[in-house]
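Fold and contact review
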2 protein chains.
Amino acid sequence: MDFRVIDIKQQVYEGVADDAQTLRKQLYSADTFMLNLMSSPGAGKTSTLVKTIDALKRKFRIGVMEADIDSDLDARIISNTGVGVVQLHTGGKCHLNANMTHRGLIALGANKLDLVMLENVGNLICPAEFDTGATRNAMILSVPEGDDKPLKYPLMFAICDVLLINKIDAMQCFDFDIGQCTKRAKKLNPNIKVIPVSAKTGEGMDEWIKWLRCEIRRFRSKK
Amino acid sequence: MDFRVIDIKQQVYEGVADDAQTLRKQLYSADTFMLNLMSSPGAGKTSTLVKTIDALKRKFRIGVMEADIDSDLDARIISNTGVGVVQLHTGGKCHLNANMTHRGLIALGANKLDLVMLENVGNLICPAEFDTGATRNAMILSVPEGDDKPLKYPLMFAICDVLLINKIDAMQCFDFDIGQCTKRAKKLNPNIKVIPVSAKTGEGMDEWIKWLRCEIRRFRSKK
């Protein structure tokens, strides 16, 4: 399967909040749930997306926006799942905002989709500062990164609705305390849902899929 | 041991290149070698610094600048090694430039030091775009992040003089090809020195220390 590549270098820092609200309303009208997935480089966004698509592609019409600074590696992996993909080339920029996302949604034909997932740029800082217009924000923290990350990148944990603690299959190699990490995340954001998973072995993915389906159902039932 | 905290929110994107050159000249005049250490969150910058300080603190007068968005966790860890530390609070900003670094060097009293190490913000994107004025740029890529990272964050690999591949003690948990990663990094930057290490077990640290000492010697012999 092929995918389109879009270059989005402009409009950074302009009219961000307003556009995010407009975009959110448009997504609401179109009945399209948009998930913004964020993490550090290499925490497992793409592999989590592949597992999520496999679990949901028979239930929902899905599309994916892959934000990447330069390469199309992840877009190629996602396109193998059979869902629609657009590649958003940020041209070195470290985040996406609603303007950029908007262009991607148009290219993806999002108004005919039930679920759009945005794989944001691998970065725990800048993407947290920009509202993409997404219905829900999700983040992945992987076990090798350490359980102190909520203390060091607080904004990211504060703005996310769900935290996936990934690579729990590698737990024996690292000194990571899930309880401590959860406590630190919840101190910043009492409502955050924390789900330990392994995108590699599939452990915990059922709970993640259940959470996502529940959020999509809730989004639709509000109409 | 105590450390100072400096807030540096302003002067972003202003006069960056010029100031970096000026700063580099000042460091050269003062005989102070400055290392800029960059990586993703949780790749092992602080633990690598601790091991480096332990190996070199009897040879050199060392100081450390800890750039952190918000917390002082790393500065506290470094201050336990007994060397001077200043904490640079970036106030949410995702990188350091030469202006910010300059303020840190003054606070650290860098003109009386042989070696200053800057632990940059945990981010593979933005710090690569700003010249801090450092004598050498070093980066850490940790095994769990994956050997595809040179393809996805090319600028960081292109601007670094040395790449430490950290967490090789956890190699059995991950599918990471050191040869492939080295090849990808060298394609972007043929002169990059690649050193596999484990800041946890100490493996490979001798080669890293040897490289660093050699660079410091070279820096001084050019005078």
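Residues numbered from 1 in each chain as written. Chains lettered and ligands numbered in written order. Predicted model: local features only at pLDDT ≥ 70, side-chain atom pairs only at ≥ 80, totals over all residues. Heavy atoms only, no water.

Focus on the relation of the copies chain B and chain A
Overlaying chain B with chain A gives an RMSD of 0.0 Å, the required rotation being 180 degrees about an axis along which the chain moves by 0.0 Å. One copy is carried onto the other by what is essentially a two-fold rotation axis. When the interface residues of chain B are mapped onto chain A, 100% of them again fall at the interface, so both copies present the same face. (Least-squares fit on C-alpha atoms with pLDDT ≥ 70 in both. Contact = heavy atoms within 4.5 Å.)

Brief notes about the state of the cysteines
A complete count under the given rule lists 1 disulfide over all chains for this structure. One disulfide bridge connects Cys173(A) with Cys173(B), the sulfur atoms lying 2.4 Å from each other. Here the S-S torsion is close to 65 degrees, and the disulfide linking Cys173(A) with Cys173(B) is therefore right-handed. Here Cys173(B) lies in the loop between strand 7 (162–166) and helix 7 (178–188) and Cys173(A) lies in the loop between strand 7 (162–166) and helix 7 (178–188), a pairing that spans two chains. The pair Cys173(A) / Cys173(B) is uniform in exposure class, with both members buried. The closest cysteine sulfur to the non-disulfide-bonded Cys126(A) is located on Cys94(A), 3.3 Å from its own sulfur. (Disulfide = S-S within 2.5 Å. Helix = DSSP H or I, 4+ residues; strand = E, 2+ residues; numbered from the N terminus. Buried < 20%, exposed > 50% of the residue type's maximum accessible area, 1.4 Å probe, protein only.)

Section: the confidence of the model for chain A
Confidence along chain A averages 91 in pLDDT terms, with 91% of residues attaining 70 or more. Interface predicted TM-score (ipTM) for the complex: 0.88; the corresponding pTM is 0.90. (pLDDT = per-residue confidence, 0-100.)

Considerations on the nonpolar core
Grouped together as the largest cluster of nonpolar side chains are 89 residues, with contacts concentrated most on Met65(A), Leu163(A), Met65(B) and Leu163(B). It is helix 4 (residues 98–108) of chain A that provides the largest number of residues to this core, a total of 5 residues. With near-sequence residues (within four places) excluded, Met65(B) lies in contact with Met34(B), Val86(B), Leu88(B), Thr101(B), Gly104(B), Leu105(B), Leu108(B), Val116(B), Met117(B), Leu118(B) and Glu119(B). (Core = buried A, V, L, I, M, F, W, Y, C linked by side-chain atoms within 4.5 Å.)

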